[in-house]
Amino acid sequence: MAADTYILGTDAQERERLRRQHELWLPSARSAWHRAGLRDGWRVLDLGAGAGDCSLELARVVGPRGRVLALEQSPAYVEEARAAAGGEQLPWLEVRRHDLASDSLAPTGFDLAWCRWLAMFLPVLDPLLDLLSRSLRPGGRFVAHEYVHWETFALHPHGDAIGRFAEAAMASFRAAGGDPNVNRRLPALLAERGFCIDGLQPLPVLGRAGDPWAQWLERFVRIYGRELIRQGRWSEEQAARAEAEMSAARSAPGSYWVGPTVLEVQASAPA
Ligand SMILES: C[S@@+](CC[C@H](N)C(=O)[O-])C[C@H]1O[C@@H](n2cnc3c(N)ncnc32)[C@H](O)[C@@H]1O
């Protein structure tokens, strides 16, 4: 059974952060799904689905002739995603509690598997790779949006405390067993299992003061900063310095944020 040890947690503030993050990244997700050929009637897996933001989108695309199976370990998110599927009357969207680091899955014949910001939290990737090999039909597509270069996270030119925040965040992901740069490894691991790597594309983020991308990164510093303080990796003093840097950047026209770099992986299961 899934252990609910997810490092970012599921409280209301984090849930709201995920919702806004989803709105910002939805156009990239949609174009990735389009490149993979997603269409009406497809059977889709959403891996580490959170509260189902992408699962709902996917279910709207595949329609009642299709199927979406959302797998997620956090009970609060599973409940919320189920309620949303019920509220929108999407009975072809099923949400299951599932630990992608250990549980196995029987259903087969999926046309597409999608994961975004999930693999980076997994202490082992074999269960995920096994699931992909078993569950996708021959030629079925896998699309991942995971980070490849977390070190780009920065506020330029005066974000020293933000730089230390990024180091502490990466260290915390590693200490919890994850890998913030998991997409450095994922394509090679897929290729070893006979997957064809159809495309690799970095998705860089640049945010000017006050724009939605800058707000996304500021929000992460504030919310995850509390967890880093709790873990002893960051201090109230550093948080205050980061706050001052963010405030100064908002009125400095030459300041800008760079986000951690996502790599889109497009792959196909062996025929
Ligand atoms: C940053 S959230 C991303 C949620 C969603 N994929 C999205 O893009 O909005 C990461 C999600 O992965 C889930 N997760 C982490 N480890 C997991 C595991 N071992 N098995 C299943 N889900 C997991 C978390 O509970 C959380 O919902």
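Anything mentioned here points back to the structure above.
Per-chain numbering applies: the sequence of each chain, read as written, is numbered from 1 onward. Totals for whole chains, interfaces and linings use every residue, but because this is a predicted model, local features are given only for residues with pLDDT of at least 70 and side-chain atom pairs only at 80 or more, for both listing and counting. Hydrogens and water are ignored here; the side-chain numbers use all heavy atoms of the structure.

If you tally the helices and strands in the protein, you get eight helices and 10 strands. Scaling as 2.2 N^0.38, a compact globule of 271 residues should have a C-alpha radius of gyration of about 18 Å, and the protein matches this with 19 Å. With the principal axes as the frame, the protein shows a C-alpha extent of 50 × 40 × 35 Å. For the protein, buried positions account for 55% of its 271 residues. The contact criterion used is simple: two residues touch if any of their non-hydrogen atoms lie within 4.5 Å. The long-range fraction of contacts in the protein, counting pairs at least 24 apart against all pairs at least 6 apart in sequence, stands at 81%. The protein chains shown are the only cover counted for residues, whose accessible areas, like all others here, come from Shrake-Rupley with a 1.4 Å probe. With an accessible surface of roughly 11500 Å², the protein has 53% of that area assigned to carbon and sulfur atoms. Only four residue types enter the tally: Lys and Arg on the positive side, Asp and Glu on the negative side; His and the chain ends are excluded. To locate a charge, take NZ of a lysine, CZ of an arginine, CG of an aspartate or CD of a glutamate. Taken as two groups, the 31 positive and 34 negative side-chain charges of the protein have centres that lie 3 Å from each other. The way it works is that DSSP assigns letters per residue, a run of H or I at least four long becomes a helix, a run of E at least two long becomes a strand, and they are numbered from the N terminus. Using C-alpha atoms as the atom set, the radius of gyration is obtained and then compared with a globule rule of 2.2 Å times the number of residues to the power 0.38. The buried label applies to any residue whose accessible area, calculated with a 1.4 Å probe on protein chains only, is under 20% of its type's maximum; exposed applies above 50%, and partly exposed to all values in between.

By this rule the span expected of a helix is its residue count minus one, scaled by 1.5 Å. Over its 19 residues, helix 7 (residues 212–230) extends 27 Å from the first C-alpha to the last, a length consistent with the 27 Å expected when each residue adds 1.5 Å. A bend of about 30° at Y224 is the largest found in helix 7. Three or more residues of helix 7 are buried, namely A214, W216, L217, E218, F220, V221, I223, Y224, G225, E227, L228 and I229. Elements that come into contact with the buried residues of helix 7 comprise helix 1 (12–36), strand 5 (136–149), helix 5 (160–175), strand 8 (206–208), helix 8 (236–250) and strand 9 (256–258). Pairs of N or O atoms within 3.5 Å make up the polar contacts considered here, provided that, within protein, one atom can donate a hydrogen while the other can accept it, and that residues adjacent in sequence are counted only when both atoms are side-chain atoms. Its side-chain oxygen placed 3.0 Å from the backbone nitrogen of W213, D211 serves as the N-cap of helix 7. Two axes define the bend at a residue: one fitted to the seven residues ending there, one fitted to the seven starting there, and the bend is the angle between them.

Neighbouring the ligand are 18 residues; G48, E72, D99, L100 and R116 lie closest to it. S74 places a polar side-chain atom, nitrogen or oxygen, 3.0 Å from an oxygen atom of the ligand. Taking D99, its side chain carries an N or O atom lying 2.7 Å from a nitrogen atom of the ligand. Split into classes, the residues belonging to the shell around the ligand amount to 10 nonpolar, five polar and three charged. Any residue with a non-hydrogen atom lying within 4 Å of a molecule or strand is treated as near it. Basically, the charged four are Asp, Glu, Lys and Arg, the nonpolar ten are Ala, Val, Leu, Ile, Met, Phe, Trp, Tyr, Cys and Pro, and anything else, Gly included, counts as polar.

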